[in-house]
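# Examination of the molecular architecture
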Amino acid sequence: RRVLSDLTVASDNGTMTPTTTSFSVGRSPLALIGDTPLLELRRIAPADCARILVKVESANPTGSMKDRMALAMIEAGEKTGRLQPGQPVVEYTGGSTGVSLAFVCTAKGYPLFIVTSDAFSAEKRSHMAAYGATLMLIHSPGGMDEALTRNMVEAARQITAQKEAFWTDQLRNTDQLPAYHKMGDEIWRQTKGRIDAFVQSTGTAASVRGVAEALRR
């Protein structure tokens with residue numbers, strides 16, 4: 001730990017007050033995943049409604065809760081021996097999972113091959129590439145549909161076989177659930193167990209399943 005003794009902060013009346021602030025220096029960016037704060041909505045919520053708290057998952061390194069599941073899937077592969085040092089990793093994704101996997105794989109030294117499509121945003125593709133992922137792009141004139149999903153899964157299967165890679169296979173991989181159990185535990189701890197309802201939008205539904213399982217415990 002290091003201590004900064006010459007830091008000043010502005011108070012509500014505009015005066016500058018000296019303060020002493022301590023902080024910890026992390027050795028890996030992966031340590032920044034999780035333990036995100038809660039934020040109370042105080043202005044947009046009606047005065048007579050329930051207290052609404054938002055879990056600020058944008059505080060994760062890539063700005064997404066998917067960082068949690070990406071790290072969990074990779075570390076489960078390592079623990080069970082399915083993923084060896086330097087072995088390629090493969091996934092099919094529209095973007096968010098791919099960005100998080102690219103971040104985790106780069107931090108851990110694994111080459112990542114992503115199957116994606118021009119049906120998804122160019123920004124997400126650029127983000128994955130910026131983190132070091134190699135992209136295989138599938139053209140889809142019809143946009144996101146069932147045929148595209150099947151084609152992406154099959155392409156990921158073929159790349160896995162060709163490169164003797166570790167396929168995270170997010171739609172079937174339950175190794176991600178402990179990451180969301182931890183998120184549920186965080187919410188319980190932060191609210192001191194005073195929570196009446198949990199609301200979340202879903203995609204593959206792994207996150208809402210994991211959080212709900214933790215809260216119901």
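Everything numeric in this text was worked out from a predicted model, so none of it was measured. (Residues numbered from 1 in each chain as written. Predicted model: local features only at pLDDT ≥ 70, side-chain atom pairs only at ≥ 80, totals over all residues. Heavy atoms only, no water.)

The helix and strand tally for the protein stands at 6 helices and 8 strands. Order of helices (α) and strands (β) in the protein, N terminus to C terminus: β-β-β-β-α-β-α-β-α-β-α-β-α-α. Within the protein, buried positions represent 38% of all 217 residues. In the protein, the share of contacts with a sequence separation of at least 24, taken over all contacts with a separation of at least 6, comes to 59%. Accessible surface for the protein amounts to roughly 13,000 Å². Of this, 52% is attributable to carbon and sulfur atoms. (Helix = DSSP H or I, 4+ residues; strand = E, 2+ residues; numbered from the N terminus. Buried < 20%, exposed > 50% of the residue type's maximum accessible area, 1.4 Å probe, protein only. Contact = heavy atoms within 4.5 Å. Areas by Shrake-Rupley, 256 points an atom, 1.4 Å probe, with all protein chains shown as cover.)

With that settled, the discussion passes to the layout of surface pockets. Where empty space is left in the structure can be found by rolling a water-sized probe over the atoms. In this model, the largest pocket occupies a volume close to 800 Å³. Around the largest pocket, the lining comprises 24 residues; the ones closest to its centre are Ile52, Leu53, Val54, Ile195 and Ala197. Here the element with the most residues in the lining of the largest pocket is helix H5 (residues 177-191); it accounts for 4 residues. Of the residues contributing to the lining of the largest pocket, the split by class is 12 nonpolar, 6 polar and 6 charged. Taken as a whole, the second largest pocket holds about 480 Å³ of empty space. Every residue lining the second largest pocket is counted, 27 residues in all, and those nearest its centre are Lys66, Thr97, Gln170, Gly203 and Thr204. (1 Å grid on protein atoms, 1.4 Å probe; cavity = no way out; pocket = protein on both sides within 12 Å on 5 of 7 lines; lining within 4 Å. Points joined across faces, edges and corners; volume = space filled by probe spheres on them. Nonpolar A, V, L, I, M, F, W, Y, C, P; charged D, E, K, R; others polar.)

For the structure shown, the criterion picks out 2 aromatic pairs. Between Tyr92 and Trp167 the ring centres are 6.0 Å apart and the planes differ by 70°, which places this aromatic pair in the edge-to-face class. Taken together, the residues Tyr92 in strand E5 (residues 89-92) and Trp167 in strand E8 (residues 166-167) connect sequence positions 75 residues apart. Plain terms: the ring middles of Phe103 and Tyr131 are 5.7 Å apart, the flat faces sit at 70° to each other, and that makes the pair edge-to-face. Taken together, the positions of Phe103 in helix H2 (residues 96-108) and Tyr131 in the loop between helix H3 (122-130) and strand E7 (134-138) put the pair 28 residues apart, joining distant regions of the chain. (Phe/Tyr/Trp six-rings, centres within 6.5 Å; stacked < 30°, edge-to-face > 60°.)

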